[in-house]
Amino acid sequence: MEYRHLGKSGLKVPVLSFGTGTFGGKGEFFSAWGSTDVAEARKLIDICIDAGVTMFDSADIYSDGAAESVLGEAIKGRPRDKLILSTKATFRNGPGANEAGSSRHHLVRAVDSALKRLGTDYIDLFQLHGFDASTPVEETVSTLDDLVRAGKLRYVGASNFSGWHLMKSLAVSERYGYARYVAHQAYYSLIGREYEWELMPLAQDQGVGAVVWSPLGWGRLTGKIRRGQPLPANSRLHVTADMGPPVADELLYRVVDALEKVAGDIGKTVPQVALNWLLQRPTVSSVVVGARDETQLRQNLGAVGWNLTPAQIAELDAASAVTRTYPYWHQQGFLERNPNPV
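About the criteria used
Residues numbered from 1 in each chain as written. Predicted model: local features only at pLDDT ≥ 70, side-chain atom pairs only at ≥ 80, totals over all residues. Heavy atoms only, no water. 1 Å grid on protein atoms, 1.4 Å probe; cavity = no way out; pocket = protein on both sides within 12 Å on 5 of 7 lines; lining within 4 Å. Points joined across faces, edges and corners; volume = space filled by probe spheres on them. Helix = DSSP H or I, 4+ residues; strand = E, 2+ residues; numbered from the N terminus. Nonpolar A, V, L, I, M, F, W, Y, C, P; charged D, E, K, R; others polar. Buried < 20%, exposed > 50% of the residue type's maximum accessible area, 1.4 Å probe, protein only.

J.: Please clarify how the layout of surface pockets should be interpreted in this entry.
T.: Empty space among the atoms can be located by rolling a probe the size of a water molecule over them. Considering only enclosed or pocket space, the second largest pocket measures out at about 210 Å³ in volume. Taken together, Asn160, Phe161, Ser162, Gly163, His184, Ala186, Tyr187, Glu194, Tyr195, Glu198, Leu199 and Tyr328 make up the full set of residues lining the second largest pocket. If one sorts the elements of the lining of the second largest pocket by residue count, strand β8 (residues 181–187) sits on top with three residues. Classifying every residue of the lining of the second largest pocket by side-chain character gives six nonpolar, four polar and two charged.

J.: Looking at this structure, how should I read the environment of Asp50?
T.: For Asp50, the location among the structural elements is in helix α2 (residues 38–50). In this structure Asp50 comes out as exposed when scored by relative accessible area, which is 71%. Separated by 101 residues in sequence, Asp50 and Gly151 have C-alpha atoms that sit 29 Å apart.

J.: Whenever I open this one, unusual backbone geometry confuses me. Can you help?
T.: A negative phi holds for most residues other than glycine; trans holds for most peptide bonds. Residue Tyr326 is joined to Pro327 through a cis peptide bond whose omega torsion reads 5 degrees. Residue placement: Pro327 occurs in the loop between α12 (310–320) and α13 (328–331). We note that Thr90 has phi near 155 degrees; this positive angle belongs to a residue other than glycine. The class of Thr90 is buried, set by a relative accessible area of 5%. The residue Trp218 is not glycine, and still its phi comes out positive at about 65 degrees. Of note, Trp218 is situated in the loop between β9 (209–213) and α8 (237–240).

J.: Looking at this structure, how should I read empty space enclosed by the protein?
T.: Scanning all chains against the criterion turns up one cavity of 30 Å³ or more. Approximately 60 Å³ is the volume found for the largest cavity. Along its surface, the largest cavity is lined by Ser102, Leu128, Gly130, Phe131, Asp132, Thr135, Val137, Thr140, Val141, Phe161, Ser169 and Tyr181. At three residues, the largest contribution of residues to the lining of the largest cavity is made by helix α5 (residues 137–149). Per-class residue counts for the lining of the largest cavity are six nonpolar, five polar and one charged.

As structure tokens, then:
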């Protein structure tokens, strides 16, 4: 398993990390993802560790905290310093006025609650799950800095920020000497390449590592969805499609066609090719993969240890290209002084 620095921090993370969105299975949305219990989670974690995947990602809203609890139980008895635990908070996790957001009040409670559920005294990477425009950035980043200095967090990051959200936060941290975001957990896939337009150049300039979520385009690049065919009966898209990243049907089918061609040429699966493409993009530190069972997990692990050729990457790039929105289409006319990061 290849390890890379997380942004410009000193922490090295595996290029594949394991997402626990399938753990717990509470509620209609998350039960559609999966309902992995502690016993099955232990088996999946064993497979991950044997393959060198030592980073496990969760969030307080995954199955209303049950995902963190299952993860915490599943890693009991393992050497804590051999694991990298990542989790997130910001979204609403209760009915109270202060049970949402990135205020000092909410973040301190959220971190303490996550520590209890995970059964640990520190979190390796804590990320804000979204930007809170109702809380001053100074309050948020100073709170995270306090939690780092208290030893409860090792590194901090963000998720789902726009470019200005991330840059303003980095600027405030720089001004006051607070712990800075070293990671941005962002959506990025062959059917969702908007990350490249502004967030990737920003990350490249500021040393922020991408931790990619939903690298298979919300389950659309599994190889089971094909032009002119209905969704498979067991697809979670029946329940979750409207809640995930949007994609035009023609773009999806065009990309799947290209993936199938490349996969057939090299004897790999469609998901393996889609994941390997991401692993060769600038700023990507780790790609979060999930799995309902051992078969899915082992297939995803087969995305490492080899590389697509430049010609194959160019073929996939062409199939997944879309017209950018303003000002990004305009900026493409000035590549001499404003080059694309890829």
